[in-house]
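# Geometric and topological summary
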Amino acid sequence: MNIEKEIKRQARKALHGNLSRLLAAAGVAALLLLVLEFGQYLVAYFTGAADLNTGTANEDNPIGFLLLMMGYVTAVLLVSPVLNGFLRMAMSAAVDRRCDSMEVFYYFRAPQLWFKTVLINLLLYMMVTVSSSLVDIGTALGVFFPEVFKADAGLTVERLLTVLAGLMTWIIRALFFLLFAYYPLMRYAMDERIPVIRCVFATLPFSFRNWGKAVRLALSFAGWFALCFFVVPALYVVPYYAVAAATSARWLIEMGSNGGEV
């Protein structure tokens, strides 16, 4: 049996009656991120902390740029429980075949729960960022070959190489996300009572053992992800992949809890 095909079949079944709710939740999360992104550009414009054309720091105000980036990351973390709410909805659809639209704000219902969720997201963000930065191809090539890999390169071979280096960097970050953050986030979506240390760190051995399964599932969606270049297909692909990921993680986590082979 092709496991990925079975997971996707169950995910499509779980989407019936839930697609519009999941899509609305994804829209809320995307809107919040867009608002924060727009706010970042406004602050950069009025303070001159960054060059809006290249997205890099102005030489005259490096401290301002650093504060701007720290403020942006902090703001994203503060609203990040919305993303956890979306994953909880995907898990509810996978497990119960039904999700509630208000679950997107589930982790804001109590200050302690919100703080715990932000802390988990922060720890996972640091793990993914630090580990992936060690193999950041785009940055490394930009440092060693600044004349070739530059932000203002024209439509030339240099520009193509810059795009390819950036693409490889994002792929590496996605792989590290699947390694460090994928299963902890899904485990937390299944049960928010799990302690922070157990969720983030005690899940690592499980994540390492099952990383290949997460990668294979993601690769099975490669064609769907490519269609997202046209934007509109993302309206279906994002909820579809989220529910498929929740279905796969639920299987593996429950098998692990019951002492099965995972």
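Since the structure is predicted, the reported quantities are computational estimates derived from the model, not experimental observations. (Residues numbered from 1 in each chain as written. Predicted model: local features only at pLDDT ≥ 70, side-chain atom pairs only at ≥ 80, totals over all residues. Heavy atoms only, no water.)

The subject of this paragraph is helix 4 (residues 81–96). In this model, helix 4 (16 residues) spans 21 Å end to end at C-alpha, consistent with the 22 Å of a helix rising 1.5 Å per residue. The first or second residue beyond helix 4 is Arg97, which carries a positive phi of 65 degrees. (Helix = DSSP H or I, 4+ residues; strand = E, 2+ residues; numbered from the N terminus. Expected span 1.5 Å × (residues − 1).)

Using the criterion set out here, one finds 7 salt bridges in the structure. One salt bridge in this structure joins Glu103 and Arg88, with 3.2 Å as the shortest N-O distance. Taken together, the residues Glu103 in the loop between helix 4 and helix 5 (111–133) and Arg88 in helix 4 connect sequence positions 15 residues apart. With relative accessibility at 12%, the residue Glu103 sits in the buried group. (Salt bridge = Lys/Arg side-chain N within 4 Å of Asp/Glu carboxyl O. Buried < 20%, exposed > 50% of the residue type's maximum accessible area, 1.4 Å probe, protein only.)

If you walk through the whole model with that rule in mind, you get 14 aromatic pairs. When the centroid spacing of 5.2 Å and the interplanar angle of 25 degrees are considered together, the rings of Tyr107 and Tyr188 count as stacked. In this pair, Tyr107 sits in the loop between helix 4 and helix 5 while Tyr188 sits in helix 8 (residues 182–190), placing the two residues 81 residues apart along the sequence. Assessed through its relative accessible area of 0%, Tyr107 is described here as buried. According to the relative accessible area criterion, Tyr188 is buried, its value standing at 0%. Over the aromatic face of Phe221 sits the side chain of Lys8, whose NZ or CZ is 4.8 Å from the ring centroid. (Phe/Tyr/Trp six-rings, centres within 6.5 Å; stacked < 30°, edge-to-face > 60°. Lys NZ or Arg CZ within 6 Å of the ring centre and 35° of its normal.)

Attention shifts here to the environment of Gly39. Looking at where Gly39 falls in the secondary structure, it is placed in helix 2 (residues 19–47). Considered as a pair, Gly39 and Tyr72 are 33 residues apart in the sequence and their alpha carbons are 8.6 Å apart.

The next thing to look at is the side chain of Ser92. By secondary structure assignment, the location of Ser92 is in helix 4. Side chain to side chain, Ser92 and Glu103 meet in a polar contact 2.9 Å long. (Polar contact = N/O pair within 3.5 Å; in protein donor to acceptor, adjacent residues only side chain to side chain.)

For the rest of this paragraph, the subject is unusual backbone geometry. Even without being a glycine, Arg97 presents a positive backbone phi close to 65 degrees. Here Arg97 lies in the loop between helix 4 and helix 5. Its relative accessible area of 32% is what places Arg97 among the partly exposed residues. For Val231, which is not glycine, the phi dihedral falls at a positive 70 degrees. Note that Val231 resides in the loop between helix 11 (222–227) and helix 12 (234–257). With a relative accessible area of 59%, Val231 lands in the exposed category.

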